[in-house]
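This is what each chain is made of:
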Amino acid sequence: MSDIATTAESTARSSLAAEVSRRRTFAIISHPDAGKTTLTEKLLLFGGAINLAGQVKAKGERRNTRSDWMKIERERGISVVTSVMTFEFEGLVFNLLDTPGHEDFSEDTYRTLTAVDSAVMVIDAAKGIEARTRKLFEVCRLRDIPIITFINKMDRESRDVFELLDEIEKTLALDTTPMTWPVGRGREFLGTYDVVNGGVRLLEGGGAKTGAAQQIEIAELAKLNANLDVSAVKDELELVTAASKPFELEAFREGHLTPVYFGSALRNFGVGDLLQGLGKFAPEPRAQESDQRKVEATDPRMSAFVFKIQANMDPNHRDRIAFARLCSGKLSRGMKAKLVRTGKSMPLSSPQFFFAQDRSVADEAYAGDVVGIPNHGTLRIGDTLTDGEDFNFVGVPSFAPEIVRRVRLTDAMKAKKLKEALQQMSEEGVVQVFRPRDGAPALVGVVGALQLDVLKARLDAEYSLPVEFEVSEFQLARWVSSDDRKKLDTFIAANTSSIADDVDGDPVYLARNEFYLGYTRERAEGIEFTNVKDVK
Ligand code: G4P
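What you see is a predicted model; the values in this text were computed from it and never measured. (Residues numbered from 1 in each chain as written. Predicted model: local features only at pLDDT ≥ 70, side-chain atom pairs only at ≥ 80, totals over all residues.)

Thoughts on the sheet that holds strand 7 (residues 180–183)
Then, in step 1: Pairing is antiparallel in the open sheet, where three strands are placed in the order 7-8-9. The open sheet has two edge strands with one neighbour each: strand 7 and strand 9 (200–202). When the angles between neighbouring strand axes are averaged without regard to direction, this sheet yields 30°.
Then, in step 2: In this sheet, strand 8 (residues 191–194) lies alongside strand 7 in antiparallel orientation, the contact comprising four bridges. Residue Pro 182 lies in a different strand from strand 8, and its bridge partner there is Thr 192. (Pairing = 2+ DSSP bridges. Helix = DSSP H or I, 4+ residues; strand = E, 2+ residues; numbered from the N terminus. Axes fitted to C-alpha atoms, helices over the stretch in contact; angles between N-to-C directions.)

In structure tokens:
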């Protein structure tokens, strides 16, 4: 009997390990206009979600059925909310977590990066590394997320390719290994040379779409384009093959080296190589740190953390979807999970998968997968769900706001409703709310100005609360803590008019400007001021 049980257990373990090992959970980081949306569409095409191609950044009419606050996205032609797309390719399950690409971004972008195991960095070949790519790259580096590079728009005039690689190496301190190399440039761009296996894949031809290698000898290139200086191409390829750093998996996984692919998302070229590279090199779901122990992805007990909350698209229903990343075990529909923060159990009766075609009801999910859990406000960002164990995942951050405002209500009778609404919005991660200890009206803080527009539109549409934002005397907020409880209490007592509580009741120091902050910090011995806080 016990033998049978042991066999069943080990079979379950090995099928769990097999499911985990075929998952790749990643995000695309890029500067606006580098081609992230186009690349996303093409990646989904490989996954068979053909009906979605051309609809990822649904501009115009397709958005009309969505809720009011989505208008902001529509008007600005940008994607405010991050979404999750799951597709399969060559037996692997890819979870692509979309991050907003606009330069005006929210904390969601950063938090999404806490839920991925690798990232694809898309670079416009004519522009190189741009500001926003660098910023997102820095977040990836903080978390040691390995990066695969896709240099896009090779069908257009580009910067010198060696110079582009040099820029990545110098500005990001990241070694590069070209896995493919462009043959011809701009109008003369014919395809890419496979640096690892040799042979050229042509832009024109079936191989481009399927990703299948289409070998052609370099000497034959002259027949395809009379303008191409074949001997120069030969010399260049010899140089690249001889001088490139060899690809080292470990250096890549540690975030020191990036494999580089060249292509054109628009022409669906090079995308197959990239996807194969992701499948081959990108790590499987990694172990996650908790306050008790490191949780391995193959651990049979179910655990997950919430990294994003999205309000329902329908403003008449106040239910929300919590996006949770599975960290271990198997999540099955109908199972009960423990919400560690409250100690209560919640049924996962209709978790949703975000398969590219539509939101489909999930029957089971494994480490690396992201599921949407509909709820009426039970779940918060940073929450840990387990099958009964008591631990909390760490590392889902809150960031100190860059903009602090006071909310002015045009109808003073609705103050209580505003308080509730702000509480909900802060739990969803739309804004941070700071309640001054001296009883002054609450302040809201955001990382990007767009979040203020989202907040205003949503308060109006969902709560009928028209609000305005006023500049407050405070511009900066920093969490304060100390190893010495007494010192913290003394500091707080001496600065009450500048202390507020965040949504968890943790103390925050509000400063008029950098000067005040620096001045106070210098004098506050033993007090730590931080601009990032792990969400509890
Ligand atoms: P984003 O999500 O990173 O902001 O970029 P997106 O994919 O929307 O691409 C930005 C523009 O660049 C789009 O043109 C897109 O068609 C173009 N593009 C993307 N990849 C390539 C490529 O490989 N080669 C060339 N030549 N162009 C590319 P647009 O005219 O601004 O937008 P649209 O009207 O076509 O949507």
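A short note on the environment of Asp 155
Then, in step 1: Note on placement: Asp 155 falls in the loop between strand 5 (147–152) and helix 6 (161–172).
Then, in step 2: With 19 C-beta atoms packed within 10 Å, Asp 155 lands in the partly exposed category.
Then, in step 3: For the pair Asp 155 and Ala 265, spaced 110 residues apart in sequence, the C-alpha separation works out to 9.4 Å. (Buried ≥ 20, exposed ≤ 12 C-beta atoms within 10 Å, placed from the backbone.)

Looking at the sheet that holds strand 2 (residues 84–89)
Then, in step 1: Spatially, seven strands are ordered 2-3-1-4-5-10-6 in an open sheet, and the strand pairing comes out mixed. Of all the strands in the sheet, the pair left with one neighbour each is strand 2 and strand 6 (175–178). The sheet shows a mean angle of 30° between the axes of neighbouring strands, taken without regard to direction.
Then, in step 2: Pairing between strand 4 (residues 118–124) and strand 5: six bridges, direction parallel. Across the sheet, residue Val 120 finds its bridge partner in strand 5, namely Ile 148.
Then, in step 3: Contacting strand 5, strand 6 and strand 10 (257–262), helix 6 runs over the sheet at an angle of about 150° to strand 6. (Contact = placed C-beta atoms within 7 Å.)

Describing the nonpolar core
Then, in step 1: By size, the foremost hydrophobic cluster in this structure holds 90 residues, and its most contacted members are Ala 119, Val 120, Val 306, Ala 324 and Leu 326.
Then, in step 2: Ranked by the residues each element gives to this core, the list is headed by strand 14 (residues 320–328), at six residues.
Then, in step 3: The residues that make up this core include at least three from each of domain 1 (25–77 + 117–279) and domain 2 (286–384).
Then, in step 4: With residues near it in sequence (within four places) discarded, Leu 326 still touches Ala 304, Leu 331, Ala 365, Tyr 366, Ala 367, Gly 368, Asp 369 and Val 371.
Then, in step 5: Among the nonpolar cores identified, the runner-up in size contains 32 residues, and Ala 421, Val 430, Val 447 and Ala 500 belong to it. (Core = buried A, V, L, I, M, F, W, Y, C linked by C-beta atoms within 7 Å. Domains from an automatic or database assignment.)

In short, shape yes, function no, at least from these values alone.
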